[in-house]
Structures are given as C-alpha cells and as structure tokens.
Amino acid sequence: MLAPLRPLALALTLLVPALPARACQTALLLAIDVSQSIDSAEYRYQTEGLADALADTEIAEALIRGRMALAVMQWSGRDAQNLSIPWTRIHSQADLAAFAARARAIPRAYVMSNTAVGEALSFGLAQFAAVPDCARKVIDVSGDGPDNAGSDPRLARRAAERAGIEINALAIESLGLSITNYFRRAVITRGGFVMTARGYRSYARTLREKIRREISQIMF
C-alpha cells in the first residue's frame, strides 16, 4: 500500500526548497593591549586568559550555536595595530579548539610603544567590512591605561555608533576605578559596558564573565 506513495513523496521533497544556512549572529573582535605598560607575563595572561575563556562550556556552546565570527587584534601606539587572527567562523568544536590554540600561541606584535586607544578603535571598526553578514558587531577592548597618543577615542566611538557597532571594555586595574571610569567616559558605546579585572591574575575570570555577558544577548 505504501509503494505508490513514494513517487509523490519524492516529488514533494523536490518542490520544497532547502532551508537556508543559519546566519552569523555576532562578529566579536577581541582587542588586546600590548602597549609598553604591558610586560611579557601580563601579555601571556591576556592570550592564555582568552584561550581559557573559549574553553568554557557555556561560551563554547553559545559560540557554535550562534555561528559566531571571532578575530583577535593587538593594539598599542599610533601606527601599531595588528589583526593577529583574522575572522574565523565558529561552526564546530573543532573550529573553536583551533582558534583557542592560535590565541594561546600568538606572538606579541609590539613592544615599547605608547597607547593610542582612538587608533585602535578605528582600526577595529575597519575590520567589520569583512563580515557584513553578521547581524551584530562587537569590539571587546581590554587595557590597563588611558590613551597617551593619537586621536580622541570619542571620535571613533561616535563612528561606531553611527555604524551600529558595539564597543565594550575590560579595564585592568590595580587600585581604584580610574581606567574603568575612563573607558565608560570615552570608549564604550551607548548600551555597551565595562568590566573590571583586579590585576592580570583575575583577567581570565573577568574575560570569561565578560564574553558570557556579551553572547548572552544573542537571541536564537
């Protein structure tokens, strides 16, 4: 009785178009401070903290489920910005593991350079031209001091807001909240946020919490 139905079922299957691939939910650019205030141990706290954060089960599941695009840049002085890991689409655990391994092994791009936050943000904004299909675009910038060179970061912030790009920040503080308040005042966009790490030893934990907060805004 079922055999005569098979040609009809096959015909209906051919008439139904394939479902489109899930779109990229978010492009997240992770911007690491490598200015002269960062020593070699502090640099490694940043790269290893990033790799460890990506191994978090909750973060890994959300990145894969959202088909997110990740990239890493290093930034320092006026002419010192480097896209260290280009945009990578995270579609599987293997993609994420490979990205984390690259992040852990990134060689430092600059030493003994000043701090140009405005140029770092402008460079970061330009990178999103490569991921136009991602619905949400975020710069995640970390640093341990305010700018002392280059353009006013508020100019880049305004450009980000016009382009619909979100800027969040991770302030690395020893005492007080001076860097946190600087990022709030001059760097993050409307609706963005700052999280504070008390020294580099707490960087990995704070970054993990920060990425969780960023990706928790994704709607599936």
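Predicted model, so just to flag it, every value in this text is computed and none were measured. (Residues numbered from 1 in each chain as written. Predicted model: local features only at pLDDT ≥ 70, side-chain atom pairs only at ≥ 80, totals over all residues. Heavy atoms only, no water.)

1. Structural notes on the overall build of the protein
Link 1 in the chain: For the protein, the count of helices and strands is eight helices and six strands.
Link 2 in the chain: Listing every helix and strand of the protein by position from the N terminus yields α-β-α-α-β-β-α-α-β-α-β-α-β-α.
Link 3 in the chain: Classification of the 220 residues of the protein by burial places 51% in the buried group.
Link 4 in the chain: Looking at the protein alone, contacts between residues at least 24 apart form 76% of all its contacts between residues at least 6 apart.
Link 5 in the chain: Of the roughly 10,800 Å² of accessible surface on the protein, 57% is carried by carbon and sulfur atoms. (Helix = DSSP H or I, 4+ residues; strand = E, 2+ residues; numbered from the N terminus. Buried < 20%, exposed > 50% of the residue type's maximum accessible area, 1.4 Å probe, protein only. Contact = heavy atoms within 4.5 Å. Areas by Shrake-Rupley, 256 points an atom, 1.4 Å probe, with all protein chains shown as cover.)

2. Some remarks on helix 4 (residues 93–104)
Link 1 in the chain: Between its first and last C-alpha, helix 4 extends 16 Å over twelve residues, near the 16 Å set by a 1.5 Å rise per residue.
Link 2 in the chain: Leu 96, Phe 99, Ala 100 and Ala 103 are the residues of helix 4 that are buried. Considered in projection along helix 4, the buried side chains sweep an arc of 100° and stay on one side of the axis.
Link 3 in the chain: For helix 4, the elements touching its buried residues are helix 2 (40–54), helix 3 (57–65), strand 2 (69–75) and strand 3 (81–89). (Expected span 1.5 Å × (residues − 1). Arc of directions from axis to C-beta.)

3. Here we look at the confidence of the model for the protein
Link 1 in the chain: Taken as a whole, the protein shows an average pLDDT of 88; of its residues, 88% reach a score of 70 or greater.
Link 2 in the chain: The low-confidence segment residues 1–5, where pLDDT is below 50, has zero contacts with residues more than four positions distant or belonging to other chains.
Link 3 in the chain: Note on residues 7–20: pLDDT is under 50 here. Beyond four places in sequence and across chains, it has zero contacts. (pLDDT = per-residue confidence, 0-100.)

4. Observations concerning the state of the cysteines
Link 1 in the chain: Under the definition given, this model contains one disulfide.
Link 2 in the chain: Note that Cys 24 is cross-linked by a disulfide to Cys 134, the S-S spacing being 2.1 Å. Residues Cys 24 and Cys 134 are joined through a disulfide that is right-handed, its torsion about the S-S bond being 95°. Separated by 110 residues along the polypeptide, Cys 24 in the loop between helix 1 (5–15) and strand 1 (26–33) and Cys 134 in the loop between helix 5 (117–127) and strand 4 (136–143) bring together distant segments of the chain.
Link 3 in the chain: Overall, Cys 24 belongs to the buried group, its relative accessible area being 4%.
Link 4 in the chain: The exposure class assigned to Cys 134 is buried, which follows from its relative accessible area of 2%. (Disulfide = S-S within 2.5 Å.)

5. Section: the nonpolar core
Link 1 in the chain: The biggest cluster of nonpolar side chains holds 34 residues, and the ones touching the most others in it are Leu 50, Leu 54, Leu 63, Leu 70 and Val 72.
Link 2 in the chain: Looking at this core, the elements that each hand over two or more residues are strand 1, helix 2, helix 3, strand 2, helix 4, strand 5 (165–173) and helix 8 (203–215).
Link 3 in the chain: Among residues more than four places away in sequence, those in contact with Leu 50 are Leu 30, Ile 32, Val 72, Ala 103 and Leu 207.
Link 4 in the chain: Counting residues in each nonpolar core, the second largest holds 31 residues, with Ala 27, Cys 134, Ala 171 and Tyr 182 among its members. (Core = buried A, V, L, I, M, F, W, Y, C linked by side-chain atoms within 4.5 Å.)

6. Description of the packing of helix 2 against helix 4
Link 1 in the chain: The contact between helix 2 and helix 4 brings their axes to 8 Å, and the two run at 170°. Classified by the interaxial angle, the pair formed by helix 2 and helix 4 is roughly antiparallel. In this structure, helix 2 contributes Arg 44, Thr 47, Glu 48, Leu 50, Ala 51, Asp 52 and Leu 54 to the contact, and helix 4 contributes Leu 96, Phe 99, Ala 100, Ala 103 and Arg 104.
Link 2 in the chain: For the contact of helix 2 with helix 4, the class distribution of residues is seven nonpolar, one polar and four charged. (Axes fitted to C-alpha atoms, helices over the stretch in contact; angles between N-to-C directions. Parallel < 35°, antiparallel > 145°, perpendicular 65-115°, else oblique. Nonpolar A, V, L, I, M, F, W, Y, C, P; charged D, E, K, R; others polar.)

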